[in-house]
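Per-entry structural report
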Amino acid sequence: MEWLRYFTETASPLKNPEIIAWKEAGKRIIGTVCSNIPEEVLHAAGLLPVRLRAPGLHDTSNADSQLHRINCSYTRSILEELLRGDLEFLDGIITTNTCDHMLRLAGEIQDQAGVFVHYFSMYHTLGNAAAEWFVREMERLIARVEESFGVEVAERNLRQSIAVYNRTRELMAGINELRKKDPPAVSGAEYLRIVLSGMSGPKERFNDRIEALLPELRNRRAGEAGLPRLMIVGGACDCPEFIDFIERKGASIVADALCFGARHYLGTIKEDSASPLRAIADRYISRPACPSIIDGFEHSYRILRQFIQDWRVQGIICARLKFCDHWGGARKMLADELRKEGIPLLDLEREYAATGSGQINTRVQAFLEMLRG
Ligand code: SF4
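Neighbouring residues of the ligand: Cys72, Thr75, Cys99, His101, Met102, Ala236, Leu321 and Cys324. Mapping the ligand onto the cavity grids shows that it belongs to the largest pocket. Here the shell around the ligand is composed, by residue class, of six nonpolar, two polar and no charged.

Below you can see the structure in the form of structure tokens.
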């Protein structure tokens, strides 16, 4: 499956052939640490936004000397990569305050990155005030990028970038639709590889690849029919091997609400809006909110409920990182709501690079047995 090999190669390692080619063409790359950072602005500046990940990194000993181990292993893994020099291909990094762990990471990156670093102050509520704040933060980012890289982020460029990103989201929605089938057209692990590939290279090339792939997938069947249909939620889960580990126990992961997943591609931006920045803000805020958004649970649960229904989800796995306070809290609210509706939930606490462990193995098996009845 040639297509899967391409997405697997671009999903890992982070410095993949697309990034190397972009760099060799003398173009610049900006690392981002959160799905809420508006990539369209960087794209409109002619920069390549790449979501920072640390595929396969298990040892964070250098980072642990600077970032307390009570910080989640995603943030410590990103710092570890930075300290090891594995992010030397970046021309800049956008940090943010999604949570206190991210804030700590932002401080370390500011001190140690040695390249352009911009702190993007994130919204933490929904509604008009949040959208206005998001627009102001985008304007601040544009001013910094224009000054530091000697580029102009003109309105026409923004509109072109919005169109490119909308195309990506429409195409990814097409793939997501094929996960409604039984069996789905792609496994959860394959879907995650496609998702990650889309965060790690030029969008235009990714769009071309997905456009060519969709007709091939229409008649494809990934795995067996009749397996328990699962949805996965939780924080920084970008590990296809972990998804594979669950699916190999006899399940189909047909939906997710991960920031390294379907959530990243949900919703398009109004292209004929008088204010492109406001239109971008409205799209980001309308997605299922990450738990860092104080009043976002009800809004998110409504969307999640629709996914459960439309993708015929039978059980949910909440895979949250150890010490992630946001998902620690959200998990409780989610459990209460799902219990009312009789939808089973398996809550798993994991480390960022964990692909499966004895305890997780036993619990996943028991959960699947319960679902099979
Ligand atoms: S996984 Fe949780 S603690 Fe870690 S960066 Fe994301 S929200 Fe913050």
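From this point, things continue past the structure.
An order of S2-S1-S3-S4 is seen for the four strands of this open sheet, with the pairing classed as parallel. Both edges of this open sheet fall to strand S2 (48-51) and strand S4 (116-120), since each of them pairs with a single strand only. Strand after strand, the sheet turns through a mean of 25° between neighbouring axes, direction not considered. Pairing analysis gives three bridges linking strand S1 (residues 29-32) to strand S3 (residues 92-96), with the strands arranged parallel. Following the sheet pairing, Gly31 is matched in S3 by Ile93.

Moving on: the nonpolar core. Tyr74, Ile175, Ile210, Met231 and Phe242 are the most contacted members of the largest nonpolar core, which has 130 residues in total. The greatest single-element share of this core, amounting to nine residues, is contributed by helix H7 (residues 128-149). Once residues lying within four places of it in the same chain are set aside, the contact partners of Ile210 are Phe7, Leu171, Met172, Ile175 and Ile194.

Scanning the model with the defined rule gives 30 salt bridges in all. One salt bridge in this structure joins Glu137 and Arg140, with 2.9 Å as the shortest N-O distance. Taken as a pair, Glu137 and Arg140 lie in helix H7 at a separation of three residues, close to a single helical turn. You can call Glu137 buried: its relative accessible area is 5%. We classify Arg140 as partly exposed; its relative accessible area is 36%. Lys180 is the salt-bridge partner of Glu177, the closest N and O atoms lying 2.9 Å from each other.

Glancing now at the sheet that holds strand S7 (residues 315-321). Reading across the sheet, the four strands line up as S6-S5-S7-S8 and stay open at both edges, with parallel pairing between neighbours. Each edge of the sheet is formed by a strand with only one pairing partner; in this case those strands are strand S6 (252-256) and strand S8 (345-350). Looking at each pair of strands side by side, their axes are set apart by 30° on average, direction ignored. In this structure, strand S5 (residues 229-233) lies alongside S6, joined through four bridges in parallel fashion.

Turning next to helix H1 (residues 2-11). Within H1, the full set of buried residues consists of Trp3, Leu4, Tyr6, Phe7, Thr10 and Ala11. Buried residues of H1, viewed axially, fall in a sector of 155°; they line one side. In this structure, the buried residues of H1 make contact with helix H2 (17-24), helix H9 (188-198) and helix H10 (203-218).

With that settled, the discussion passes to the layout of surface pockets. The space that makes up the largest pocket amounts to roughly 660 Å³. Lining the largest pocket are 41 residues, with Gly235, Cys290, Pro291, His326 and Trp327 positioned closest to its centre. Every element with two or more residues in the lining of the largest pocket is listed here: helix H5 (73-84), helix H6 (100-112), helix H13 (297-310) and helix H14 (325-341). The dominant element in the lining of the largest pocket, judged by the number of residues it contributes, is H14, at seven residues.

Let's shift gears to the packing of aromatic side chains. Considering all chains together, one arrives at 10 aromatic pairs under this definition. Aromatic pair Tyr74 and Tyr352: ring centres 5.4 Å apart, planes at 65°, arrangement edge-to-face. Pair noted here: Tyr74 is in helix H5 and Tyr352 is in the loop between S8 and helix H15 (358-372), with a separation of 278 residues, a long-range link. Aromatic rings pair up to connect Phe120, Tyr123, Phe134 and Tyr284 into one cluster. A cation over a ring is seen here: Arg209 above Tyr6, with NZ or CZ 3.6 Å from the ring centre.

Counting buried residues along H9, 11 of its 11 residues qualify, which places the element largely inside the surrounding structure. The complete set of buried residues in H9 reads Gly188, Ala189, Glu190, Tyr191, Leu192, Arg193, Ile194, Val195, Leu196, Ser197 and Gly198. Those residues of H9 hidden inside the fold are in contact with H1, helix H8 (155-177), H10, helix H11 (240-247) and S6.

As a further point, take the pairing of S3. Buried residues dominate S3, accounting for five of its five residues. Pairing geometry for S3 and S4, over five bridges, is parallel. Paired with Ile93 across the bridge in S4 is Val117. Following the chain from S3 across H6 to the adjacent parallel S4, one finds a crossover that is right-handed.

Rules and cut-offs
- Residues numbered from 1 in each chain as written.
- Predicted model: local features only at pLDDT ≥ 70, side-chain atom pairs only at ≥ 80, totals over all residues.
- Heavy atoms only, no water.
- Near = heavy atom within 4 Å.
- 1 Å grid on protein atoms, 1.4 Å probe; cavity = no way out; pocket = protein on both sides within 12 Å on 5 of 7 lines; lining within 4 Å.
- Sits in = over half its atoms within 2 Å of the grid points.
- Nonpolar A, V, L, I, M, F, W, Y, C, P; charged D, E, K, R; others polar.
- Pairing = 2+ DSSP bridges.
- Helix = DSSP H or I, 4+ residues; strand = E, 2+ residues; numbered from the N terminus.
- Axes fitted to C-alpha atoms, helices over the stretch in contact; angles between N-to-C directions.
- Core = buried A, V, L, I, M, F, W, Y, C linked by side-chain atoms within 4.5 Å.
- Buried < 20%, exposed > 50% of the residue type's maximum accessible area, 1.4 Å probe, protein only.
- Contact = heavy atoms within 4.5 Å.
- Salt bridge = Lys/Arg side-chain N within 4 Å of Asp/Glu carboxyl O.
- Arc of directions from axis to C-beta.
- Points joined across faces, edges and corners; volume = space filled by probe spheres on them.
- Phe/Tyr/Trp six-rings, centres within 6.5 Å; stacked < 30°, edge-to-face > 60°.
- Lys NZ or Arg CZ within 6 Å of the ring centre and 35° of its normal.
- Right-handed = clockwise from strand over helix to strand, strands pointing away.

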